Amino acid sequence: MSGSVLSLVVDGKEVNTTWEELAGWVHHSSSLSSSFSTAWLVVRAIQIFLVQIGMLLLEIGSISPKNTKAMIIKNIGNSSISAICFYLLGYGFSFGVDGDDFVGWGGFATKGELFSNATGGISYNGATYAHFIYYFCVLNLVPTIVSGSLSERTHVVAYFVVTFFISIFITPVVMHWAWSHKGWASYHSRYLMDTGALDFAGVNVRMPRQNVTYAALGAFFLWAGFYALNMGTIQNFDGEGVNALGKIAINTTICATGSAIVVSLLTLYKEKHIEPYSVVNGICTGLAGSSAGCATMTTEGALITGLLCGAVYFLLSCMLCSSGIDDVTDVAPIHLGGGMVGTILSAFFTTQSFYKIAVLDSGVGTPCGAFYACEGLGWRLFVANLIFLIAVSAWSLVAGIALFLPLRIMSLLRVDKITEDAGLDFISGADVELKRFN
């Protein structure tokens, strides 16, 4: 067969080639696709990291001025601690190929075959390094979110302890469940209900807030970052995966705006005016809700998801305020409320055709949402997502108790009343005494 001439029709024109030339073109095309996928991941990682700017501005704009320096220290320390933890152990627990369905193993500190199994005459696997930096930027969002809920009341050192355990084990385990090829809930492995769970990308009397402009600016940074976060789930450009990018961006936009509109109307009805902080948080809730099904949902599903995210945020925020539970930046209504709504509704509005494009599915037993008939797999996806949601909630609850209870017993969690009144920026004894004297 070597040397045989082939006649191919390309764009309506006949082209003569040989098997050797055809094989070379295929190899070259595959290399270009792999290189572009690697570059795409790195660029998306940089854009996602810019979400840290949005989180910092949002949190600073939502807290009292006397706690600004402490919040800056928390956010800078968060990225530093998360990076080292993910480098040493977190990535291996998340994506190590020698693990099981519960946790990964291998690739710790960028060592082992996962990082060195290279082709093309180079001594390391550049694609794995790109994969690492992308998921570090994703993981780095989690302790930053926690910093908002611990604002103004918590010792900075206690927050750093929390960040350490979140980054080194708690979050990597969940990442392994959902996104690795061996995770028990991953759509790659299909262990759970033969479908896997679908998750493409989770106050009593408040102190005077600082600046709604910072909060709004932060929300827009977050919005831009969520485009990168959600589109970054498409990591391979072989086949039709690239076709999902535009739809992901549209679904992200619709979710955010739908949620913001609902929150605006509800606050207008309740407060007789539109509360800007609530609208900002409504945008963030819609963004959180968009992540689970951004690549697989229909646009009308994204709209319904956004509308329900806004309603759930408003309800949960009002419940927290009326019950006296302290959540300065509304982290629970935003991320718990939006995340749960998005995860559940993605199991209703996912279509087979969108799923195939987004995950490069082979088409054998492709799942879909409960509103669509697909070989009896519609309700399986809902059950899988529900089980995954319960498992993550239980894991987070147990890990949270194991982490926060000892800190509370040792009086390392909450600052004393004098420091709280003075502000975390006045953390030294002399500053506190001066503040109390004044």
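Note that the structure is a prediction, hence the values are computed from the model and not measured.

Visitor: How do you make sense of the pattern of salt bridges when you look at a structure like this?
Guide: A side chain with one charge can pair with a side chain of the opposite charge if their charged atoms come near. Using the criterion set out here, one finds 2 salt bridges in the structure. The shortest N-O distance in the salt bridge between Glu-152 and Arg-153 comes to 3.7 Å. Glu-271 serves as the salt-bridge partner of Lys-270, at 3.0 Å between the closest nitrogen and oxygen. For Lys-270, a relative accessible area of 46% translates into the label partly exposed.

Visitor: Explanation requested: the packing of aromatic side chains in the structure shown.
Guide: A ring pair, where both rings are aromatic, is described by two values, the distance of the centres and the angle of the planes. Summed over all chains, the structure comprises 28 aromatic pairs. Ring geometry for Phe-220 against Trp-223: centres 6.0 Å apart, planes inclined by 5 degrees, an arrangement best described as stacked. Here the residue Phe-220 and the residue Trp-223 both occupy positions in helix 8 (residues 212-231), the gap between them amounting to 3 residues, near one helical turn. Looking at Trp-223, the relative accessible area reads 14%, which means it is buried. By the ring-pair criterion, three or more aromatic residues cluster together here, those being Phe-86, Tyr-91, Phe-95, Phe-115, Tyr-129, Phe-132, Tyr-134, Tyr-135 and Trp-179. Arg-44 extends its terminal NZ or CZ atom over the ring of Trp-40, reaching a point 4.0 Å from the ring centre. Stacked on the ring of Tyr-269, the Lys or Arg Lys-272 has its end atom at 5.6 Å from the ring centre.

Visitor: Is there a simple way to think about the packing of helix 5 (residues 126-139) against helix 6 (residues 141-149) in this case?
Guide: Working note: a packed helix pair is described by the angle between its axes plus the distance between those axes. Orientation of helix 5 relative to helix 6, taken along the N-to-C sense of each, is 10 degrees, at an axis distance of 4 Å. The orientation of helix 5 relative to helix 6 falls into the category roughly parallel. Across the interface between the two elements, Cys-137, Val-138 and Leu-139 of helix 5 pack against Leu-141, Val-142 and Pro-143 of helix 6. For the contact of helix 5 with helix 6, the class distribution of residues is 6 nonpolar, no polar and no charged.

Visitor: Which parts of the structure should I look at to understand the packing of helix 2 (residues 51-62) against helix 8?
Guide: Where helix 2 contacts helix 8, the axes come no closer than 7 Å and their chain directions differ by 155 degrees. On the basis of their axis angle, the class for helix 2 and helix 8 is roughly antiparallel. Crossing of helix 2 over helix 8 shows left-handed handedness. Contacts from Val-51, Ile-53, Gly-54, Met-55, Leu-57, Leu-58, Ile-60, Gly-61 and Ser-62 of helix 2 reach helix 8 at Val-212, Tyr-214, Ala-215, Leu-217, Gly-218, Phe-221, Leu-222 and Gly-225. When its residues are assigned to classes, the contact of helix 2 with helix 8 shows 12 nonpolar, 5 polar and no charged.

Visitor: What is the right way to read helix 2 from this model?
Guide: In an α-helix, one turn spans 3.6 residues; hence positions three or four apart end up facing the same way. Here helix 2 is 12 residues long and its end C-alpha atoms lie 16 Å apart, about the 16 Å a rise of 1.5 Å per residue gives. Burial runs high along helix 2: 10 of the 12 residues are buried. Where helix 2 is concerned, the buried positions are Val-51, Gln-52, Gly-54, Met-55, Leu-57, Leu-58, Glu-59, Ile-60, Gly-61 and Ser-62.

Visitor: Got a minute to help me understand empty space enclosed by the protein in this structure?
Guide: A probe matching the size of a water molecule, rolled over the atoms, marks out where space remains unfilled. Space inside the largest cavity adds up to approximately 140 Å³. In this structure, the largest cavity is lined by 15 residues; those nearest its centre are Met-55, Leu-58, Leu-222, Ile-334 and His-335. Listed by contribution, the elements that provide at least two residues to the lining of the largest cavity are helix 2, helix 6, helix 8, helix 10 (276-290) and helix 12 (331-349). It is helix 10 that contributes the most residues to the lining of the largest cavity, 4 residues altogether. Its residues assigned to classes, the lining of the largest cavity shows 10 nonpolar, 4 polar and 1 charged.

Visitor: How do you make sense of a nonpolar patch on the surface when you look at a structure like this?
Guide: Residues Leu-397, Ile-401, Leu-405, Ile-409, Met-410 and Leu-412 make up a contiguous nonpolar surface patch of roughly 620 Å² in combined accessible area. Along the chain, the position of Leu-405 falls in helix 14 (residues 378-409). The class of Leu-405 is partly exposed, set by a relative accessible area of 44%.

Rules used in this analysis
- Residues numbered from 1 in each chain as written.
- Predicted model: local features only at pLDDT ≥ 70, side-chain atom pairs only at ≥ 80, totals over all residues.
- Heavy atoms only, no water.
- Salt bridge = Lys/Arg side-chain N within 4 Å of Asp/Glu carboxyl O.
- Buried < 20%, exposed > 50% of the residue type's maximum accessible area, 1.4 Å probe, protein only.
- Phe/Tyr/Trp six-rings, centres within 6.5 Å; stacked < 30°, edge-to-face > 60°.
- Helix = DSSP H or I, 4+ residues; strand = E, 2+ residues; numbered from the N terminus.
- Lys NZ or Arg CZ within 6 Å of the ring centre and 35° of its normal.
- Axes fitted to C-alpha atoms, helices over the stretch in contact; angles between N-to-C directions.
- Parallel < 35°, antiparallel > 145°, perpendicular 65-115°, else oblique.
- Contact = heavy atoms within 4.5 Å.
- Nonpolar A, V, L, I, M, F, W, Y, C, P; charged D, E, K, R; others polar.
- Left-handed = near helix turned anticlockwise from the far one by under 90°.
- Expected span 1.5 Å × (residues − 1).
- 1 Å grid on protein atoms, 1.4 Å probe; cavity = no way out; pocket = protein on both sides within 12 Å on 5 of 7 lines; lining within 4 Å.
- Points joined across faces, edges and corners; volume = space filled by probe spheres on them.
- Patch = residues over 30% accessible without salt bridge, like charges linked within 9 Å, V, L, I, M, F, W, Y side chains within 5 Å.
- Areas by Shrake-Rupley, 256 points an atom, 1.4 Å probe, with all protein chains shown as cover.

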